[in-house]
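# Architecture at a glance
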Amino acid sequence: MAEVLEIKEHHTAHQLPTPDNGEGGEKSPMNISYGKTMMWYFLLSDAFTFSAFLIAYACLRLGHKWWPNPNDVFNAMPFMGHHKIPMGFVSIMTFILIMSSVFVVRAVQEGHRMNKNGVMYWMFWGILGGAAFLGCQAWEWQHLLAEGMRPFYNVFYEGKDGLTTLWNIHEQGKPMFSPGPVAFGALFFGITGFHGFHVFTGVCLNIWGFFATANGTFEKRGHYEMIEKLGLYWHFVDLVWVFVFLAFYLM
Amino acid sequence: METLHTVTEQHAHTTAHGHDGGHHHTETFISKYIFSLDHKTIGKQFLITGMIWAVIGGLFSVLFRIQLGWPDETFPFLERMFGAWYTDGKLNPEAYYSLITMHGTIMVFFVLTASLSGTFANVLIPLQIGARDMASPLMNALSYWFFVISGIIMFASIFLPTGAASAGWTIYPPLSALPQTSPGSGDGMSLWLLAMVLFVVSTLLGGLNYVSTILNMRTKGMSLFKMPLTVWALFFTAIIGILSFPVLVSGVVLLIFDRTLGTSFYLSHIVIGGVPQPYAGGSPILFQHLFWFLGHPEVYIVILPAMGMVSEILAVHARKPIFGYKAMIFSILGITILGFIVWAHHMFMAGINPFLGSVFTFFTLLIAIPSAVKVFNWITTIWKGNLHITPPFIFAVGFVSMFISGGLTGIWLGNSTIDIQLHDTYFVVAHFHIVMGIAAFFGMFAGIYHWFPRMFGRMMNTNLAYIHFAITFVGSYLIFWPMHFQGLAGVPRRYYTNNNFEIFAVFNGMNKVISIAAIIVFFAQFLFLVNFFWSIFKGKKSTQNPWNANTLEWTSPVEGIHGNWHGDIPEVHRWAYDYSRPGNESDFIPQNVPLTDKEKTEADH
């Protein structure tokens, strides 16, 4: 029995990887750990992914003579029936996501103070915010799908005086060719979907971070750097939303 | 050296926590050779996987060269070997395009990106900067296994009844977006896209690891400007990959949507069999922009590691300090930055605005400056050097030769006015094969011959290596030099046969010469493979530092232990290029040798 234990100890002593910054060697130019270096470079990489999408959006949109006015497309609100509130719902969504980012900032701060309960408390609100955002996005998608929007079909077409008009497929029937610019639906579902996928990933990671905190993993490790890395990712997703919001809703 | 060795051995005995190999616990064959987390093993895995892919990719080029050399002959024995690709002993046009597509994909991505970077970043980064392993060995292993999965999917696509993807390695829509357009645009293209997404995951995992290892894991004294040029080159290569591959993913994701969801990102005004399709408002040029935003930096991903290795190898074997160390670093940086803003020079013919074309011409020609800086530095490095003619050295010289020959035609093609004439001809085939294909292969061979003793503890056979070099060098020029003339005469580069053009009949003989050279060069590579695998088991045992090189990897034990050094990691005191220093008794001073008093006083001034 004792022998087995000894071998086990030996194993941990030989465990690779190397600790941060090698073995008392040179520091990284930014003086941050390798984990954070990796996260920053990953975020740079992901920023290029989203930039490519948004440039594709700009390219296709500028190639069209007419584009639906977002005020007339995104104007529905749950429980409000037929009242039109342009940008109302998406403003709430954006507020929720930004608040969620603020909560995660607090979680990171509590991590620096080594306050386990504080980290868990603020992580919980951060996760809730992320989940609420996803719920809102699901409702918005469902609403647009019900109106007849598809990635390959757009019911918002150029009506009288260039006004954005909804082709009511339930009353007017469904023409074979999309009434409005097809690219609108494809870009909207494609890019907000890709962003939503990032939010979903972030929520999953944050839930993992919450339980790892609860288990005392980071307390044992002596630092909450993992929460900081999760925070970096979460703020990035938030920042990307600001650009998506700008591109699809405000312009 | 001898004293140093005993010191490290003493350390191994005295330090209780020492990473002395981790061999106290028994490793199974699977944990040691298959699912290994050791960077040296993962590097070898990348290398051998890449060799398998290179043989497949090379074989494909032989098959389509046979078609181009003898378009009227029939080859029943090839039909017996490759079955459905042949009808009545002749290669099917669809199969021809699949072979071209797969040759490009395999060579560019699987061999010269994954295998070249994967092998040498893994083997060299931790050893040359003085680290026990990568920052994250797990991510490193995952990077390899994603590459394997991606490869299995790509390999499987070759056996589909409809054939592998056949839209060219650049997979331009609408050909790649609409399965109705050709057999290869069906399931073959789907698998191609899936494989490439997984491939990018592999590249990203590897690249993040290489960058953070280089930034965070350097041993004491290894400041950034003491790093060998190999490490600098691999560093920038990883950054280019991290920033450019995601854009390919974006482009591919939108293409997948076009194929599966019926969106119109790249499609507009499509009529198939007289029936107008509902696609509207998309732009195929958009795909080209997204593709070449990766595609152009990709050629630097291919060539930079080779450049880094060649810089190191030329200095070691010419026994001279590298000429212009910092100029080399800043020219790599310049190439990295410029490489991101020249992509549309691949699209001069695609109908982009001529003004945009001239902007891209300008940036493209600027790249000639850092490239020329590097070439002159290599030449001045070996100038009046004490040349040790060895296999790595001659392959490195071969690299420089290829890079110059191919680079000069790059200046032609970078000008949009000339490119418009030459773009769709064999001139371009000649240019990019010499400058990034053959040159990168020469860099890779130089690297393998140079670091083989470090990887396997044995030496490769020198005479076989010389024969390998002679045939490959002469043969490569024989294959690609004539293509310049074909291109200038206007022979189009994507045609299955030119039989219908009376005017190109003059090239029938030349095409046969090219094809014969291609077949000879292909089979000559087996000399290398035999040499490689034979030497792993039977080669002459390597000494600790067979080339008398300065870099840290030659201080790590020959047998290659997990953790890289017994006891403490050596401390670094000087740059990697102290060769033939006047007043020093030996013609090299390893990086871990402390500065002498005289050097210290010199450094103070």
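Residues numbered from 1 in each chain as written. Chains lettered and ligands numbered in written order. Predicted model: local features only at pLDDT ≥ 70, side-chain atom pairs only at ≥ 80, totals over all residues. Heavy atoms only, no water.

With that settled, consider the overall build of chain A. Within chain A one finds nine helices and two strands. Compactness check: chain A gives a C-alpha radius of gyration of 24 Å against a globular reference of 18 Å for 251 residues, more than 25% above the reference. By principal-axis analysis of the C-alpha atoms, chain A measures approximately 85 × 35 × 35 Å. Among the 251 residues that make up chain A, the fraction classed as buried is 50%. Pairs at least 24 apart in sequence give 72% of the contacts found in chain A among residues at least 6 apart. (Helix = DSSP H or I, 4+ residues; strand = E, 2+ residues; numbered from the N terminus. Rg over C-alpha atoms; globule rule 2.2 N^0.38 Å. Buried < 20%, exposed > 50% of the residue type's maximum accessible area, 1.4 Å probe, protein only. Contact = heavy atoms within 4.5 Å.)

Along chain B, the regular secondary structure elements total 18 helices and four strands. For chain B, the C-alpha radius of gyration of 25 Å lies close to 25 Å, the compact-globule estimate for 605 residues. Across its three principal directions, the C-alpha atoms of chain B cover 85 × 50 × 50 Å. Across the 605 residues that make up chain B, the buried fraction comes to 63%. When contacts within chain B are restricted to residue pairs at least 6 apart in sequence, long-range pairs at least 24 apart make up 78% of them. As displayed, chain B has an accessible area near 22,800 Å², and 70% of this comes from carbon and sulfur atoms. Taking the average location of the 28 positive side-chain charges in chain B and that of its 29 negative ones, the two points are 4 Å from each other. (Areas by Shrake-Rupley, 256 points an atom, 1.4 Å probe, with all protein chains shown as cover. Lys, Arg positive; Asp, Glu negative; His and termini not counted. Charge placed at Lys NZ, Arg CZ, Asp CG, Glu CD.)

Moving on to the nonpolar core. Residues W85(B), W378(B), F399(B) and F532(B) are the most contacted members of the largest nonpolar core, which totals 266 residues. Per element, the largest residue contribution to this core is 21 residues, and it comes from helix α9 (residues 284-318) of chain B. (Core = buried A, V, L, I, M, F, W, Y, C linked by side-chain atoms within 4.5 Å.)

Moving on to helix α5 (residues 116-146) of chain A. Within an α-helix, residues lying three or four positions from one another point in the same direction, as the helix has 3.6 residues per turn. Residues and elements named next belong to chain A. Taking 1.5 Å of rise per residue, the 31 residues of α5 would be expected to cover 45 Å, and the 45 Å separating its terminal C-alpha atoms lies within 8% of that figure. You can read the cap of α5 off the contacts: a side-chain oxygen lies 3.3 Å from the backbone nitrogen of N117, and it is on N115. Immediately downstream of α5, the backbone of G148 shows phi near 110°, a positive value. (Expected span 1.5 Å × (residues − 1). Polar contact = N/O pair within 3.5 Å; in protein donor to acceptor, adjacent residues only side chain to side chain.)

Enumeration according to the criterion identifies four cavities of 30 Å³ or more in this entry. Put simply, the largest cavity is a space of about 160 Å³. The wall of the largest cavity is formed by 16 residues, among which T113(B), S117(B), T203(B), G207(B) and Y210(B) lie closest to the centre. Going through the elements one at a time, α5 (93-129), α7 (187-216) and α8 (229-260) of chain B are the ones with two or more residues in the lining of the largest cavity. Here the lining of the largest cavity takes six residues from α7(B), the largest share from any one element. Residues of the lining of the largest cavity, tallied by class, amount to six nonpolar, ten polar and no charged. By volume, the second largest cavity amounts to about 60 Å³. Lining the second largest cavity are V73(A), F74(A), N75(A), A76(A), F89(A), W139(A), E140(A), H143(A) and L144(A). Per element, the largest residue contribution to the lining of the second largest cavity is four residues, and it comes from α5(A). For the lining of the second largest cavity, the residue count by class is six nonpolar, two polar and one charged. (1 Å grid on protein atoms, 1.4 Å probe; cavity = no way out; pocket = protein on both sides within 12 Å on 5 of 7 lines; lining within 4 Å. Points joined across faces, edges and corners; volume = space filled by probe spheres on them. Nonpolar A, V, L, I, M, F, W, Y, C, P; charged D, E, K, R; others polar.)

Bringing the interface of chain A and chain B into the picture now. With 42 residues of chain A in contact, the opposing surface of chain B contributes 55 residues. Between chain A and chain B, roughly 3,900 Å² of surface is buried when both sides are summed, and carbon and sulfur atoms account for 73% of that area. Inspection of the region where chain A meets chain B yields zero salt bridges. Our count for the contact surface shared by chain A and chain B stands at seven residue pairs in polar contact (both at pLDDT 80 or more). Per element, the largest residue contribution to the side of chain A that touches chain B is 14 residues, and it comes from helix α2 (residues 34-62) of chain A. Partitioned by chemical class, the residues of the side of chain A that touches chain B number 23 nonpolar, 16 polar and three charged. (Buried area = accessible area lost by both parts, 1.4 Å probe. Salt bridge = Lys/Arg side-chain N within 4 Å of Asp/Glu carboxyl O.)

Inspection of the secondary structure assignment puts Q486(B) in helix α16 (residues 462-488). With residues near it in sequence (within four places) discarded, Q486(B) still touches Y426(B), V491(B), F507(B), M510(B), N511(B) and I514(B).

Below, the discussion takes up a nonpolar patch on the surface. Residue and element names in this part refer to chain B. Together, F376, I379, I404, L408, I411, W412, I418, W481, F485 and L488 line one region of the surface with nonpolar side chains, adding up to about 950 Å² of accessible area. Elements with a minimum of two residues in the nonpolar patch: α12 (368-382), α13 (391-414) and α16. No other element matches α13, which puts four residues into the nonpolar patch. Inspection of the secondary structure assignment puts W481 in helix α16. (Patch = residues over 30% accessible without salt bridge, like charges linked within 9 Å, V, L, I, M, F, W, Y side chains within 5 Å.)

This part covers the confidence of the model for chain A. On average, chain A scores 88 in pLDDT, and the residues at 70 or more come to 90%. Residue range residues 1-19 of chain A is modelled with pLDDT below 50. Its contacts to residues more than four positions away, or to other chains, number 23 contacts. (pLDDT = per-residue confidence, 0-100.)

Moving on: the environment of I256(B). All names here are of chain B. Residue position: I256 is located in helix α8. The exposure class assigned to I256 is partly exposed, which follows from its relative accessible area of 27%. Along the chain, I256 and R65 lie 191 residues apart, while their C-alpha atoms are 32 Å from each other. Ignoring sequence-local partners within four residues, the contact set of I256 consists of L193 and L261.

Now for the pattern of salt bridges. All names here are of chain B. Applying the stated rule across the entire model yields eleven salt bridges over all chains. Across the salt bridge formed by D587 and R319, the nearest N and O atoms sit 2.9 Å from each other. Of this pair, D587 sits in the loop between α17 (508-538) and α18 (597-604) while R319 sits in the loop between α9 and α10 (325-339); the two residues are 268 residues apart in sequence, bridging distant segments of the chain. Across the pair E599 and R574 runs a salt bridge whose closest N-O atoms are separated by 2.8 Å. With E599 in helix α18 and R574 in the loop between α17 and α18, the pair connects residues that are 25 residues apart, well separated along the chain. Judged on exposure class, the residue E599 and its partner R574 are both buried. A single salt-bridge network, built from bridges that share partners, covers R574, D578, R581 and E599.

With that out of the way, let us pick up unusual backbone geometry. For the peptide bond that leads from P173(B) to P174(B), omega is 5°, which places it in the cis range. Here P174(B) lies in the loop between α6 (137-158) and α7. The residue M87(A) is not glycine, and still its phi comes out positive at about 65°. As for its position among the elements, M87(A) is in the loop between α3 (70-73) and α4 (88-112). At K384(B), a residue that is not glycine, the phi angle is positive and equals roughly 55°. Mapped onto the fold, K384(B) is located in the loop between α12 and α13.

Time to look at the packing of aromatic side chains. In total, this model carries 95 aromatic pairs over all chains according to the counting rule given. Measuring from centroid to centroid gives 6.4 Å for F48(A) and F340(B), while their planes differ by 55°, and the two rings are tilted. Here F340(B) lies in the loop between α10 and α11 (354-366) and F48(A) lies in helix α2, a pairing that spans two chains. Residue F48(A) is classed as partly exposed on the basis of its relative accessible area, which comes to 23%. Judged by relative accessible area, F340(B) falls into the buried class, the value being 12%. Geometrically, the ring pair formed by Y121(A) and W122(A) is edge-to-face, given 5.0 Å between the ring centres and 85° between the ring planes. Residue Y121(A) is classed as partly exposed on the basis of its relative accessible area of 45%. The side chain of K174(A) reaches across the aromatic face of Y153(A), ending 4.6 Å from its centre. (Phe/Tyr/Trp six-rings, centres within 6.5 Å; stacked < 30°, edge-to-face > 60°. Lys NZ or Arg CZ within 6 Å of the ring centre and 35° of its normal.)

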